[in-house]
2 protein chains.
Amino acid sequence: MERLKTYPQHMAKLITELAKMPGVGQKTAERLAHYILRIPPREAMELARAIEELKKNVRNCSVCFGIAEEEQCLVCSNPRRDPSVICVVEEPKDLWSIERTGQYKGLYHVLQGHISPLEDIHPEDLTVERLMERLSNGTVKEVILATNFNVEGEATALYIQKRISALGGPGLKVTRPARGIPHGSYLEYLSSAVLADALEGRRAF
Amino acid sequence: MERLKTYPQHMAKLITELAKMPGVGQKTAERLAHYILRIPPREAMELARAIEELKKNVRNCSVCFGIAEEEQCLVCSNPRRDPSVICVVEEPKDLWSIERTGQYKGLYHVLQGHISPLEDIHPEDLTVERLMERLSNGTVKEVILATNFNVEGEATALYIQKRISALGGPGLKVTRPARGIPHGSYLEYLSSAVLADALEGRRAF
């Protein structure tokens, strides 16, 4: 980058590293680097250490493949969670989005992605087999397929649903979160696809 | 923050540190932390190290108070720069903005702030005395006061101009960058203050 030439070497290096982050362009990276230049060294070291400690101390939960600091994550190791329900999500961030609702008391399974032939991501690249293993002992009564509501997420949900129905075991329900009108919306601003979903899924009032 | 409670400890810590940066809110900090979680450890360590190295290796230039990796900065130590002109700026980032024009061949002096009684910042908190020392040996023929064009910057420029004129030496010019219409503007969108400045400063065509 032309702009980097005027900076001292270590400043240019930090700007380059910061600019690799998503949504951080060259100018934002420069602004952040200037901020780091200005703050007391102790504060800057705290930031650097937080990055290092995160990478050193997190791993995949051995059960659900979510983010864990121990062998099992905080959800899997919590005896008060309901082991009869597993919510399947694509990424750890989806897990945390659901946790923040405070409504869900079951367990999770993180696929670590979605099926996408275009991106060369196939079922065997995901943690589907481990999910099937978790379903094999009869504890689980419901699997909620909470993959994203886009093409890849739907394809992934469909694949897993087929795999589960091939198990043939009775008493294992497969569900998907409701499609519909998002809380707080005005009907006039919603797309036809959203409205069509919501009408099709209408419920007794 | 309520949202942090669902994250493992090291994730929450990184989000907290990232959210301290200017223009980075809670949601952006979460997005960046998720990115750092996802990338290979080596890349994350590069970012952490870039922060640490910047803080360890930069210091104030002993001459101009800009950012240096040696005792003197890249500008002050460059024998091809014109020592008869000093451009006075508030912060290192202002220096780099001017360097990027590629037009300026003189030296700099970084005040490390501006005079602002409201923020309890007074001339003695800035590097003004060191500037006066630099002007005392007769090498400098022009001082360009490139502080910001706002209340604090104008007050700071005025203070320094008075200090220099009190030196009483002849042959030391004090200038200020031109006020006027920014390159690329449409007249209809400019404020009256900008247009008034531009008209007052009009030049033969």
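Treat the numbers as computed from the prediction; the structure is a model and nothing was measured.

### Here we look at the pairing of strand 5 (residues 142-145) of chain A
Residue and element names in this part refer to chain A.
Now for step 1: Along strand 5, one buried face is formed by Glu142 and Ile144 and the opposite face, lined by Val143 and Leu145, is buried too.
Now for step 2: Note: strand 3 (residues 82-89) against strand 5, 4 bridges, orientation parallel. Across the sheet, the residue bridging to Ile86 is Val143, located in strand 5.

### Let's talk about the interface of chain B and chain A
Now for step 1: If you look at the interface, chain B gives 50 residues, while chain A gives 50 residues.
Now for step 2: Summed over both sides, the interface between chain B and chain A buries roughly 4,900 Å², with carbon and sulfur atoms accounting for 70% of that surface.
Now for step 3: Together, His10(B), Lys55(B) and Trp96(B) form the three largest contributors to the area buried by chain B at its contact with chain A, with a combined 14%.
Now for step 4: Taken together, chain B and chain A are joined by 4 salt bridges.
Now for step 5: As a salt-bridge pair, Glu46(B) and Lys13(A) come within 2.5 Å of each other at their nearest N and O atoms.
Now for step 6: Where chain B packs against chain A, one counts 22 residue pairs in polar contact (both at pLDDT 80 or more).
Now for step 7: Among the elements of the structure, helix 1 (9-18), helix 2 (26-38), helix 3 (41-57) and helix 4 (92-101) of chain B are those that each provide at least two residues to the side of chain B that touches chain A.
Now for step 8: No other element matches the 15 residues that helix 3 of chain B contributes to the side of chain B that touches chain A.
Now for step 9: Taken together, the residues of the side of chain B that touches chain A break down into 27 nonpolar, 6 polar and 17 charged.

### With respect to the domain arrangement of chain A
Now for step 1: Its domain assignment divides chain A into domain 1 (2-57) and domain 2 (67-204).
Now for step 2: If you average the C-alpha positions of domain 1 of chain A and of domain 2 of chain A, the two centres end up 36 Å apart.

### Some points on the pattern of salt bridges
All names here are of chain A.
Now for step 1: One pass over the full model with this rule turns up 22 salt bridges over all chains.
Now for step 2: Taking the shortest distance from any N to any O, the salt bridge between Arg179 and Glu154 comes out at 2.6 Å. Remark: Glu154 occurs in helix 6 (residues 151-167) and Arg179 occurs in the loop between strand 6 (173-175) and helix 7 (192-200); sequence separation between them is 25 residues.
Now for step 3: Overall, the relative accessible area of 27% leaves Glu154 in the partly exposed class.
Now for step 4: The salt bridge involving Asp197 is made with Arg179; its shortest N-O contact spans 2.7 Å. Separated by 18 residues along the polypeptide, Asp197 in helix 7 and Arg179 in the loop between strand 6 and helix 7 bring together distant segments of the chain.
Now for step 5: Look at Arg179 and you get partly exposed, because its relative accessible area is 38%.

### Looking at the relation of the copies chain B and chain A
Each copy of the chain is related to the other by a rotation around an axis and a translation along that axis.
Now for step 1: With an RMSD of 0.1 Å, chain B superimposes on chain A once it is rotated by 180 degrees and translated 0.0 Å along the axis. Put plainly, the chains are arranged around a two-fold axis. Residues of chain B ranked by C-alpha distance from the rotation axis are headed by Ala48(B), positioned 2.2 Å from it.
Now for step 2: Interface residue correspondence from chain B to chain A reaches 100%, placing this contact among same-surface, isologous pairings.

Definitions and limits used
- Residues numbered from 1 in each chain as written.
- Chains lettered and ligands numbered in written order.
- Predicted model: local features only at pLDDT ≥ 70, side-chain atom pairs only at ≥ 80, totals over all residues.
- Heavy atoms only, no water.
- Buried < 20%, exposed > 50% of the residue type's maximum accessible area, 1.4 Å probe, protein only.
- Helix = DSSP H or I, 4+ residues; strand = E, 2+ residues; numbered from the N terminus.
- Pairing = 2+ DSSP bridges.
- Contact = heavy atoms within 4.5 Å.
- Buried area = accessible area lost by both parts, 1.4 Å probe.
- Salt bridge = Lys/Arg side-chain N within 4 Å of Asp/Glu carboxyl O.
- Polar contact = N/O pair within 3.5 Å; in protein donor to acceptor, adjacent residues only side chain to side chain.
- Nonpolar A, V, L, I, M, F, W, Y, C, P; charged D, E, K, R; others polar.
- Domains from an automatic or database assignment.
- Least-squares fit on C-alpha atoms with pLDDT ≥ 70 in both.

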